[in-house]
Amino acid sequence: MTQSSIYRAPFVEGGSHAIDATLAQKLIALALGKGGDYADLFFEYRVGGALVFDEGILKTASRGVSMGLGVRVVRGDATGFAYTEDFSWEAMKRAAETAAAIATSGGGTMPTPLRPLKKASGRYDLDMVTLDVPG
């Protein structure tokens, strides 16, 4: 395991909460189940760090992780959005249903089958991040 692999999103293939096309399709179906015209899923994973120096002296060091799932449902001019930081099925299902309830009521639209657009590139993979470099 490379050092950078600990900074990989948990929802990618091989992650602790991997999301595959079947699970994504189920979430889209739930989001459209109340009559939405369109739905999408936004998976977020952001790792950041900061070092603050004052006159050459390190004053603060911080790092943080922001991750979650956003579900957006659109029907006509109405848009519903829900977000969860929990990647359990129940939490993601609740987010999809909440976004649907906000945007619409009644009816339903069948989801379009998913197809991968392209494999995500490893363009910015690092062997080590600056926060792991010994001082």
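Computed from a predicted structure; not experimentally measured.

Peer 1: What is the right way to read the packing of aromatic side chains from this model?
Peer 2: Each aromatic ring pair is described using two quantities: the centre-to-centre distance and the angle formed by the ring planes. The final tally for this structure, using the stated rule, is two aromatic pairs. When the ring of Phe-11 is compared with that of Phe-43, the centres are 5.1 Å apart and the planes differ by 40°; the resulting orientation is tilted. Of this pair, Phe-11 sits in the segment before helix H1 (21-32) while Phe-43 sits in strand S1 (residues 38-54), placing them 32 residues apart in sequence. Owing to a relative accessible area of 23%, Phe-43 belongs among the partly exposed residues under this scheme. Geometrically, the ring pair formed by Phe-11 and Phe-87 is tilted, given 5.4 Å between the ring centres and 50° between the ring planes. Pair noted here: Phe-11 is in the segment before H1 and Phe-87 is in the loop between strand S3 (78-84) and helix H2 (89-103), with a separation of 76 residues, a long-range link. Residues Phe-11 and Phe-87 agree in their burial class; the two are buried.

Peer 1: Would you take a moment to explain the sheet that holds strand S2 (residues 57-75) for this structure?
Peer 2: Read across the sheet, three strands follow the order S1-S2-S3 without closing on themselves; strand pairing throughout is antiparallel. Here the strands that pair on one side only, and so sit at the sheet edges, are S1 and S3. Here the strands of the sheet are splayed against their neighbours by 25° on average, with no regard to which way each runs. Two elements, S2 and S3, share seven bridges in a ladder whose sense is antiparallel. In the strand pairing of S3, Leu-69 is matched with Thr-84. Strand contacts of H1: S1 and S2, with the helix running at about 115° to S1, the strand carrying the most contacts. Seen against the sheet, H2 touches S2 and S3 and runs at an angle of roughly 160° to S3.

Peer 1: Looking at this structure, I do not really get the pairing of S1. What am I missing?
Peer 2: Every regular strand shows the same layout, with side chains that alternate between the two sheet faces. The pairing of S1 with S2 spans 17 bridges and is classified as antiparallel. Along S2, the bridge assignment pairs Asp-40 with Arg-72. The loop that links S1 with its antiparallel partner S2 comprises two residues; one of these, Glu-55, has a positive phi angle of about 55°.

Peer 1: So what exactly am I meant to see when it comes to the environment of Asp-37 here?
Peer 2: By the element assignment, Asp-37 lies in the loop between H1 and S1. As for Asp-37 and Ala-78, which are separated by 41 residues in sequence, their C-alpha atoms are 10.0 Å apart. There is a polar contact of 2.8 Å between the side chain of Asp-37 and the backbone nitrogen of Gly-76.

Peer 1: Looking at this model, I keep getting lost on the pattern of salt bridges. Mind explaining?
Peer 2: Pairs can form between side chains of opposite charge whenever their charged atoms are close. Counted by the stated rule, this structure contains three salt bridges. Of the charged contacts, one joins Asp-40 and Arg-72 as a salt bridge, the two residues approaching to 2.5 Å between their closest N and O atoms. Of this pair, Asp-40 sits in strand S1 while Arg-72 sits in strand S2, placing them 32 residues apart in sequence. In this structure, Lys-93 and Glu-97 form a salt bridge, with 3.7 Å as the shortest nitrogen-oxygen distance. Of this pair, Lys-93 and Glu-97 both sit in helix H2, separated by four residues, roughly a single helical turn. For Lys-93, a relative accessible area of 25% translates into the label partly exposed. What makes Glu-97 partly exposed here is its relative accessible area of 31%.

Parameters and conventions
Every chain is numbered independently, its residues counted from 1 as its sequence is written. In keeping with the predicted nature of the model, local features appear solely for residues at pLDDT of at least 70, side-chain atom pairs appear and are counted solely at 80 or more, and the whole-chain, interface and lining totals rest on all residues. Side-chain numbers come from the whole structure's heavy atoms, not from hydrogens or water. Any two of the Phe, Tyr and Trp rings considered here, Trp counted by its six-membered ring, make a pair once their centres fall within 6.5 Å; the pair's planes then place it as stacked at under 30 degrees, edge-to-face at over 60, or tilted in between. Each helix is a run of DSSP H or I of at least 4 residues and each strand a run of E of at least 2, with the numbering of both proceeding from the N terminus. Only protein chains enter the accessibility calculation, which uses a 1.4 Å probe; a residue whose area is less than 20% of its type maximum is buried, one above 50% is exposed, and one in between is partly exposed. One bridge is not enough; two strands pair if DSSP finds at least two bridges between them. Interaxial angles span 0 to 180 degrees and are taken between N-to-C directions of axes, which are lines fitted to C-alpha atoms, for helices over the stretch in contact. What makes two residues a contact is simply this: any of their non-hydrogen atoms within 4.5 Å. A 3.5 Å cut-off defines polar contacts: any pair of N or O atoms within that distance qualifies, except that in protein one atom must be a possible hydrogen donor and the other a possible acceptor, and neighbouring residues in sequence count only when both atoms are side-chain atoms. By convention in these notes, a salt bridge is any Lys or Arg side-chain nitrogen within 4 Å of a carboxyl oxygen on Asp or Glu.

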